[in-house]
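# What the coordinates show
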Amino acid sequence: MSALLAATLPHRTLALFVLWLLLSESYNLLHMAVGLAAAFAVALLNTDRLTSAAYRIHWLRLAAYLPWLLWRIFLSGVHLSFLILHPRMPIDPIMIRHRTQLSNKNAVVLLGNSVTLTPGTLTVEANPDEVLVHAMDEYSAQDVKTLRLDRKIANLFKRTEARG
Amino acid sequence: MGLIGAGLMLVGLFFLVVAAIGMVRLPDVFSRSHAVALTDSLGALFLLAGLAVEHGFSPNALRILVVLALLYILNPVISHATVRAALRSGMKPWRRENG
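The structure reproduced in this document is the subject of the present report. The residue count restarts for each chain, going from 1 along the sequence in the order it is written. Chains and ligands are labelled by the order in which they are written, letters from A for the one and numbers from 1 for the other. Note on the predicted model: pLDDT of at least 70 is required for a residue's local features to be given, and 80 or more for side-chain atom pairs to be given and counted; whole-chain, interface and lining totals, by contrast, use all residues. Side-chain metrics in this entry use all non-hydrogen atoms of the structure; hydrogen atoms and water are not considered.

Another aspect to go through is the overall build of chain B. Strands are runs of DSSP state E lasting at least 2 residues, helices are runs of H or I lasting at least 4, and numbering of each runs from the N terminus. Helix and strand content of chain B: three helices and zero strands. When the helices and strands of chain B are placed in sequence order, the string is α-α-α. In terms of C-alpha radius of gyration, chain B reaches 17 Å, well past the compact-globule figure of 13 Å for 99 residues. For chain B, the C-alpha atoms occupy an extent of roughly 50 × 25 × 15 Å along the three principal directions. By definition in these notes, contact holds between two residues if any of their heavy atoms fall within 4.5 Å. In chain B, once contacts between residues fewer than 6 apart in sequence are set aside, the share between residues at least 24 apart is 67%. Of the roughly 5,400 Å² that chain B leaves accessible, carbon and sulfur atoms contribute 75%. Our radius of gyration is a C-alpha quantity, and the globule rule it is checked against amounts to 2.2 Å times the number of residues to the power 0.38. To be clear on the numbers: accessible area is Shrake-Rupley with a 1.4 Å probe, and residue cover counts the displayed protein chains and nothing else.

Residues and elements named next belong to chain A. Burial of strand β4 (residues 130-135) is extensive: six of the six residues sit out of reach of the surface. What you see with β4 is no split at all: E130, L132 and H134 on one side and V131, V133 and A135 on the other are buried throughout. Paired strands, as defined in this entry, are two strands with at least two bridges between them according to DSSP. Sheet topology note: the strand β2 (residues 94-99)/β4 ladder contains six bridges and is antiparallel. Looking at the pairing, H98 lines up with V131 of β4. Bridge count for strand β3 (residues 121-126) against β4 is five bridges, and the pairing is antiparallel. Opposite T121, over in β4, you have A135 as the bridge partner. When a residue's accessible area, from a 1.4 Å probe over protein chains only, is under 20% of the maximum for its type it is buried; when over 50% it is exposed; and in between it is partly exposed.

Before going further, it helps to spend a moment on a nonpolar patch on the surface. All names here are of chain B. A grouping of L70, I73, L74, V77 and I78 is seen on the molecular surface, where their side chains present a nonpolar patch of about 470 Å² in accessible area. Here L74 lies in helix α3 (residues 59-88). L74 gets classed as partly exposed once you look at its relative accessible area, which sits at 49%. Grouping into patches uses exposed residues only, defined as over 30% relative accessible area, and leaves out salt-bridged ones; the cut-off is 9 Å for like charges and 5 Å for nonpolar side chains (Val, Leu, Ile, Met, Phe, Trp, Tyr). Salt bridge criterion: a side-chain nitrogen from Lys or Arg within 4 Å of a carboxyl oxygen from Asp or Glu.

The partner chain A presents 36 residues to the 35 residues of chain B that form the contact. In total, about 3,100 Å² of surface goes out of reach between chain B and chain A, with carbon and sulfur atoms giving 71% of it. Two parts placed together each lose some accessible area under a 1.4 Å probe, and the buried area is that loss summed for both. When the area that chain B buries against chain A is broken down by residue, the three leading residues are R25(B), H34(B) and R63(B), summing to 22%. Along the contact surface separating chain B from chain A lie two salt bridges. A salt bridge links R88(B) to E125(A); the nearest nitrogen and oxygen atoms lie 2.9 Å apart. At the level of elements, α1 (2-25), α2 (29-55) and α3 of chain B are the ones that each hand at least two residues to the side of chain B that touches chain A. A total of 12 residues in the side of chain B that touches chain A trace back to one element, the largest contributor, which is α3(B). By residue class, the composition of the side of chain B that touches chain A is 21 nonpolar, seven polar and seven charged. Amino acids are sorted into nonpolar (Ala, Val, Leu, Ile, Met, Phe, Trp, Tyr, Cys and Pro), charged (Asp, Glu, Lys and Arg) and polar (every other residue, Gly among them).

Residues and elements named next belong to chain A. Applying the stated criterion to the full structure yields eight salt bridges over all chains. With a shortest N-O distance of 3.0 Å, R72 and D143 are connected by a salt bridge. In this pair, R72 is assigned in helix α3 (residues 59-85) and D143 in helix α5 (residues 138-145), connecting sequence segments 71 residues apart. Pair check on accessibility: R72 and D143 agree, each one buried. Shared partners join several salt bridges into a network, and the residues in it are R97, R99, D129 and E130.

Another aspect to go through is unusual backbone geometry. All names here are of chain A. Unusually for a residue other than glycine, M89 sits at a positive phi of about 45°. Residue position: M89 is located in the loop between α3 and β2. On the basis of relative accessibility, which here comes to 13%, the residue M89 falls in the buried class.

Our next topic: the environment of N127(A). Residue and element names in this part refer to chain A. Here N127 lies in the loop between β3 and β4. Its relative accessible area of 37% is what places N127 among the partly exposed residues. Between the alpha carbons of N127 and G112 there is a distance of 9.7 Å; along the sequence they are 15 residues apart.

Okay, the packing of aromatic side chains next. Two rings belonging to Phe, Tyr or Trp (six-membered ring only in the last case) form a pair when the distance between their centres is within 6.5 Å. Interplanar angles under 30 degrees mark stacking, angles over 60 mark edge-to-face geometry, and anything in between is tilted. Per the stated rule, a full pass over the model turns up five aromatic pairs over all chains. On the basis of an interplanar angle of 20° and a centroid distance of 6.0 Å, the ring pair of F15(B) and F46(B) is categorised as stacked. Placement of the pair is F15(B) in helix α1 and F46(B) in helix α2, with a sequence separation of 31 residues. Residue F15(B) is classed as buried on the basis of its relative accessible area of 3%. A relative accessible area of 14% means that F46(B) is categorised as buried. Following the ring pairs from residue to residue traces out a cluster consisting of W71(A), F74(A), F14(B), F15(B) and F46(B). Any Lys NZ or Arg CZ that is within 6 Å of a ring centre and within 35 degrees of that ring's normal is treated as a charge sitting over the ring. One residue, K152(A), lies across the ring of W68(A), its end atom 4.5 Å from the ring centre.

By themselves, these figures tell us nothing about what the structure is for.
Below is the structure:
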């Protein structure tokens with residue numbers, strides 16, 4: 001077990017335990033002991049997922065990004081509803097091979113997730129340097145095509161001193 | 001308070017109905033997945049937000065927010081897995097020209 005891993009284990013255990021307490025609402029000794037054990041086990045089982053330590057997420061910028069994403073989701077949802085309810089259903093689905101400039105896996109995962117969350121665009125294939133996106137029409141595709149989403153997400157990650 | 005909660009839930013219901021109509025009207029598995037994604041991203045969002053408002057500031061409202069956060073992390077993964085499997089098993093996306 002690496003030093004970095006041992007350092008983050010308590011944090012992860014604590015975070016999961018807080019989630020347990022929030023969801024269980026029974027604060028006797030037995031339930032809390034079981035919760036703590038479960039939290040520790042889950043944290044331990046997920047340790048090998050800690051791969052790219054070279055990039056850290058900017059939590060403050062993430063907090064600014066999420067409301068923006070939610071607003072885009074709302075607008076796209078209204079647009080998609082319009083497409084579905086329109087009598088002639090003016091959809092024109094396209095597949096976009098999107099070469100992403102994002103250089104770390106976590107950012108690509110966030111990109112794929114954001115694209116799929118936004119109604120009207122779906123991530124079909126996701127690779128480290130290329131994402132295949134299915135879009136309902138040109139309007140839905142604009143955030144991906146103009147690289148707006150790419151830039152927003154690149155902005156969320158900061159490079160730390162390379163150590164892994 | 002009750003009115004705002006009910007209003008939010010009605011908006012959520014609207015998106016759920018639209019998504020159901022989309023499921024029937026849209027031509028292929030890819031575009032239908034968009035409709036399914038709509039139920040989660042907006043239908044569930046407004047329904048659960050309405051429920052949270054109904055509960056006011058309480059542990060239950062907090063729990064609803066946790067459910068919402070998990071939905072937003074997990075559902076894109078499911079949509080993605082579905083359409084990727086469809087593409088890999090040889091399904092061709094519907095296009096306007098050849099439709």
